[in-house]
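Descriptive analysis of the structure
Chain by chain, the residues run as shown.
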Amino acid sequence: MGVVKIAVCFKAVPDFDRVVEADWENFSLAGDLGYVQRILGCFDESALETALRLGSAWAEEGKTVETAALTAAPLPSPLVKTLFAAGFDRVADLSGLLRGGPEFRPRQTAALLGAWLTSWGFDLILAGRQAGWADSGLVPLLLGETLGIPVITEAETLAPCPGGIEVRRLNGTRREELRASLPLLITLGNSPVAALRAVTLGARMAVSQRQAEKPEPEAFPGLGLSEEFPGPPRFIRETRSKTCRFLPGGEDLPQSLAEAGALLGLKPGEKP
Amino acid sequence: MDKKDIIQGLQALLGEDRVQTAPEIIRKASTDYIGFRQYERFDGQDWVPKAACVVQPRNTAEVSQALAFLNKHGLSTVPRTGGSSVTQSIEPEEGGVILDGQEMNGVLSLNEQDMMVTVRCGTPLEYLENYLNRHGYTGGHFPQSLPLAHVGGLIATRSIGQFSTLYGGIEDLLVGLEAVLADGEVIRIKNSPRRSVGPDLRHLFIGSEGMLGFITEATLKIFPYTPETRWMNSWAIQGMDQGLALIREVMTTGYRPAVVRLHDAEEVQKMFGDAVPGGSSVLLFLAEGPAPITAAIGQGIREIAGRYPVQDLGSRPVESWLQTRNDVCYRMDEPVYHKQGMVADTCEISAPWSAIGEIYGAVIERLPREMPNLVFIGGHSSHSYVQGTNIYFTFSFLVDKGVESARPDYMKVITVMMEETLKRGGSIAHHHGSGKYRTRWMPEEHGSSYPLLRKLKSSLDPRGILNRGVLLTD
């Protein structure tokens, strides 16, 4: 293994702490959250920083290391500079390729990321266990399936070892240590490597001319990238308020059931 | 006087339960949130001098007794209440005493006829504001430290709130007070809408940082609470110069929105990311008061904004800011920056319109040149006046030479800000107070009026026991 290629799949997500209450009340993916910055979730930050540290560790062993950070979600421009300044060799923004965006399309997202990774070649893929909000953490698992490589989840720390990588991970309520050979996909969970390194203004200035790669759809034939996305599911946000009413039984039962049906939004005659 | 005698003497006066000697209580009472101290703490270092004890009086009489004792024995005393200081102002001297007014809290009276509320020094500001809101009023004072700060400390540091353009700073809100001088003498300054009876003695204590007396009680103005009639809007504008010109025009034309903020492009990237055109600054405005007034202010500001190259961003950015503006207080004890190996903090200065843009530009240009480990430098104007405004610099740097380098590197950043401000006639502290970290620049800040401060000190605290190290150089 003369050259080690490490890729990190990540996603910048809206900072929902900054969404105003009025927007929560009518929340949908189509809503304008343009005033909300996009940030990295903690697991993705762990994956990005862990990749850089692993790269340094392998480089110290005399290996040539290449690192790439790629995403299928909109990529804030300041983050591009941060990633280059932090030390990533390549940054790929695939967000323009999935019409309608990557949300709630884990299979298509995994296929797209997989196609890019296959074209680049890879040894190790890292990802956060979950990027944020409604993300169910399916993309890494589907990506492993797409690429036909093993997946180790809930990793906390990673270190090079002869022939591969040593993984300390959470298995349910207990911790375990594994040794695995590459290629491999690992998701980072509650890692002590909690944040992407800070970069100085000087380092950012030095990469100010570098841009994220934005491949054309033609580079990935057969993925159905031009297909229309039917749209995200309808969102319901649970509210903290509850309504409690006592409905009398006995002779009043039919009337009570009708009232209950109305409260639950049922059609007339439909039983609650 | 040794530590044991100090503790025994105070316990004899006030009772054993009023004098705390547990190291953890002393450590907490000495905690200051200046950036380098936060970094040191998270790095496992505690380089703050250790006080002998923390005295917790329950009333003015006990404050008086305690101070008379401490003065008699010439013991270094640091007054504190909420402990939200970011300037080292509440760090004690080794072996000194912390006089903590936290337990002197609560509302003494609400005078709706005269629109005043009287509170004890340890009353948390957030509690007071919630209390007033329940009665249909607001105190009009909303510093970022609202969830942490107490009334006594707010007066002592000459605090200001985010709605200051309408309500003013604490100096505009304080009607009267009670304080205890270093020798234990209790003085009261009565409540009056205005007086013409000589110098305004309230100002001996507003911003004194506890070096001229211990504030025990305060009467503050109250106002009708009308959040439902607020007007809010925001605009993107290219460049801080254009933004400063716009807010100057708003202020000099005579409009009084409650909030006038201008964030530079660096801060905007952090707050809004790509949601705002690259390189833009962002203006946030909020007007409060009766609906006809807020509507008129909104219309006036819209007209002025229309004369500048702005992009209307609507009200959401202001609402979002309003909702999250004090969140930092809840993360003060979390190693948010330490885990990235950084010190992050803020520093506020002020200047007339003719100088403020130059000061901002000089600091932004100079710091990256002189600090290779600088990670971030940005700033915003958040408190505007007819004559000028403030700049609240935000910065972070990598601690790349070990934890010992955090403080000297921090002071390098501050030095640049102080020098560029003083050079252009600005003031080196707008609302956090001087604390102990800015004291060395005080002679230049005050110029020929500085001896007055010394004379006041020698008159009111001749033994120099109160909060040594703030405002006065040795």
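Residues numbered from 1 in each chain as written. Chains lettered and ligands numbered in written order. Predicted model: local features only at pLDDT ≥ 70, side-chain atom pairs only at ≥ 80, totals over all residues. Heavy atoms only, no water.

Residues and elements named next belong to chain B. For the pair helix α9 (residues 240-253) and helix α11 (residues 291-305), interaxial distance at closest approach is 10 Å and the crossing angle is 140°. As summarised for this structure, α9 and α11 are arranged oblique, according to the angle between their axes. Crossing of α9 over α11 shows right-handed handedness. Across the interface between the two elements, L246, E249, V250 and T253 from α9 touch I301, I304 and A305 from α11. Its residues assigned to classes, the contact of α9 with α11 comprises five nonpolar, one polar and one charged. (Axes fitted to C-alpha atoms, helices over the stretch in contact; angles between N-to-C directions. Helix = DSSP H or I, 4+ residues; strand = E, 2+ residues; numbered from the N terminus. Parallel < 35°, antiparallel > 145°, perpendicular 65-115°, else oblique. Left-handed = near helix turned anticlockwise from the far one by under 90°. Contact = heavy atoms within 4.5 Å. Nonpolar A, V, L, I, M, F, W, Y, C, P; charged D, E, K, R; others polar.)

Splitting chain A by domain gives domain 1 (3-219) and domain 2 (242-272). Between the C-alpha centres of domain 1 of chain A and domain 2 of chain A the distance comes to 50 Å. (Domains from an automatic or database assignment.)

Opposite the 24 residues of chain A that make contact, chain B presents 24 residues. Summing the contributions of chain A and of chain B, the shared interface buries around 1,900 Å²; its carbon and sulfur component is 53%. For the pair chain A and chain B, the number of links is zero salt bridges. Where chain A packs against chain B, one counts six residue pairs in polar contact (both at pLDDT 80 or more). Within the residue set of the side of chain A that touches chain B, elements represented by two or more residues are α1 (21-25), α3 (77-86) and α6 (201-206) of chain A. A total of three residues in the side of chain A that touches chain B trace back to one element, the largest contributor, which is α1 of chain A. (Buried area = accessible area lost by both parts, 1.4 Å probe. Salt bridge = Lys/Arg side-chain N within 4 Å of Asp/Glu carboxyl O. Polar contact = N/O pair within 3.5 Å; in protein donor to acceptor, adjacent residues only side chain to side chain.)

Residues and elements named next belong to chain B. At a closest axis distance of 11 Å, the pairing of α9 and helix α13 (residues 353-370) adopts a crossing angle of 155°. In terms of their interaxial angle, α9 and α13 are classed as roughly antiparallel. In the crossing of α9 with α13, the sense of the turn from one axis to the other is right-handed. Along the contact surface, α9 presents M240, D241, L244, I247, R248, M251 and T252, while α13 presents W353, I356, G357 and Y360. Among the residues forming the contact of α9 with α13, the class breakdown is seven nonpolar, two polar and two charged.

Now for the pattern of salt bridges. A side chain with one charge may pair with a side chain of the opposite charge, provided their charged atoms come close. All names here are of chain B. This structure, assessed with the given rule, holds 43 salt bridges over all chains. Ionic pairing is found between E420 and R424, a salt bridge with its closest N-O pair at 2.6 Å. E420 gets classed as buried once you look at its relative accessible area, which sits at 4%. Given the relative accessible area of 25%, R424 is considered partly exposed. What emerges from the salt-bridge pattern is a single network uniting E358, R366, E370, E419, E420, K423 and R424. (Buried < 20%, exposed > 50% of the residue type's maximum accessible area, 1.4 Å probe, protein only.)

Another point: the nonpolar core. Formed by 107 residues in total, the largest nonpolar core has its most connected members in F285, Y410 and M417 of chain B. Residue contributions to this core peak at nine residues, all from helix α14 (residues 406-423) of chain B. When sequence neighbours within four positions are dropped, the list of residues in contact with Y410 of chain B reads I34, G35, F36, V343, D345, T346, F395, F397 and Y437 of chain B. By size, the runner-up hydrophobic cluster in this structure holds 38 residues, among which are V4, V167, L182 and I186 of chain A. (Core = buried A, V, L, I, M, F, W, Y, C linked by side-chain atoms within 4.5 Å.)

So, about helix α5 (residues 125-134) of chain B. Residues and elements named next belong to chain B. Those residues of α5 lying buried are L125, L128, E129, Y131 and L132. One side of α5 holds all its buried residues, which, seen down the axis, span an arc of 160°. Against β5 (107-111), β6 (116-120), β7 (137-138), α6 (151-156) and β10 (214-221) lie the buried residues of α5. Just past α5, the residue G136 takes up positive phi, approximately 90°. (Arc of directions from axis to C-beta.)

Residues and elements named next belong to chain B. Going through the model one piece at a time under the given rule, you end up with zero disulfides over all chains. Summary of cysteine pairing: C329 is not part of a disulfide, and the nearest cysteine sulfur, belonging to C347, is at 18 Å. C329 gets classed as buried once you look at its relative accessible area, which sits at 8%. For C347, a relative accessible area of 0% corresponds to the buried category. (Disulfide = S-S within 2.5 Å.)

Turning to the pairing of strand β9 (residues 186-189) of chain B, a few remarks are in order. Residue and element names in this part refer to chain B. Here β9 shows a buried face lined by I187 and I189 and an unburied face lined by V186 and R188. Sheet analysis places strand β8 (residues 174-180) next to β9, joined by four bridges and oriented antiparallel. The partner of A179 across the bridge, within β9, is I187. Remark: five residues form the turn of the hairpin made by β8 and β9, two consecutive strands paired antiparallel; G184 in that turn has positive phi of roughly 100°. (Pairing = 2+ DSSP bridges.)

Attention now goes to helix α4 (residues 60-72) of chain B. An α-helical turn contains 3.6 residues, so any two residues separated by three or four positions project in the same direction. Residues and elements named next belong to chain B. Look at α4: 18 Å from first C-alpha to last across 13 residues, which is about the 18 Å you get at 1.5 Å a residue. Residues of α4 that are buried include every one of T60, E62, V63, S64, A66, L67, F69, L70 and N71, and no others. Structurally, the start of α4 carries an N-cap: the backbone nitrogen of A61 is 3.2 Å from a side-chain oxygen of N59. A positive backbone phi angle near 60° is found at G74, which sits one or two residues after α4. (Expected span 1.5 Å × (residues − 1).)

This part takes up the sheet that holds strand β17 (residues 374-381) of chain B. All names here are of chain B. Reading across the sheet, the seven strands line up as β15-β12-β14-β13-β17-β18-β16 and stay open at both edges, with antiparallel pairing between neighbours. At either end of the open sheet lies a strand with only one pairing partner, and these are β15 (310-314) and β16 (342-352). Each neighbouring strand pair of the sheet contributes to a mean axis angle of 20°, computed without reference to strand direction. Where strand β12 (residues 231-238) and strand β14 (residues 280-287) come together, eight bridges link them in antiparallel fashion. The residue of β14 that forms the bridge with I237 is S281.

A separate point is the packing of aromatic side chains. For any pair of aromatic rings, geometry is given as the distance between the ring centres together with the angle between the planes. Residues and elements named next belong to chain B. A complete count under the given rule lists 10 aromatic pairs over all chains for this structure. Relative to F163, the ring of F142 lies with its centre 4.7 Å away and its plane at 50°, an arrangement referred to as tilted. Of the two residues, F142 is situated in the loop between β7 and α6 and F163 in the loop between α6 and α7 (164-167); the sequence distance between them amounts to 21 residues. Taken as a pair, F142 and F163 share a single burial class, namely buried. Between the aromatic rings of Y360 and F393, the centroid separation amounts to 6.4 Å while the plane-to-plane angle is 5°, which identifies the pairing as stacked. Of the two residues, Y360 sits in helix α13 while F393 sits in strand β18 (residues 388-398), which places them 33 residues apart along the sequence. The exposure class of Y360 is buried, given its relative accessible area of 12%. By relative accessible area, F393 is classed as buried at 0%. Members of the aromatic cluster, each reached through a chain of ring pairs, are F36, F395, Y410 and Y437. In this arrangement the basic side chain of R41 is found over the ring face of Y33, its NZ or CZ atom lying 5.6 Å from the centre. The ring of W321 carries R325 above its face, with NZ or CZ at 5.8 Å from the centroid. (Phe/Tyr/Trp six-rings, centres within 6.5 Å; stacked < 30°, edge-to-face > 60°. Lys NZ or Arg CZ within 6 Å of the ring centre and 35° of its normal.)

Its place among the elements puts T421 of chain B in helix α14. Among all residues touching T421 of chain B, those that are not within four sequence positions of it are I349, S350, I359, G426, S427 and I428 of chain B.

Another aspect to go through is the sheet that holds strand β4 (residues 64-71) of chain A. Residues and elements named next belong to chain A. Pairing in this open sheet of eight strands is mixed, and the strands run β5-β4-β1-β6-β10-β7-β8-β9 from one edge to the other. Both outer strands of the open sheet, β5 (90-93) and β9 (174-181), are each paired with one neighbouring strand and no more. Each strand of the sheet is rotated relative to its neighbour by a mean of 30°, with strand direction disregarded. Relative to strand β6 (residues 124-128), strand β1 (residues 3-9) runs parallel, the two being bridged by four bridges. Counted as the bridge partner of V8 is L126 from β6.

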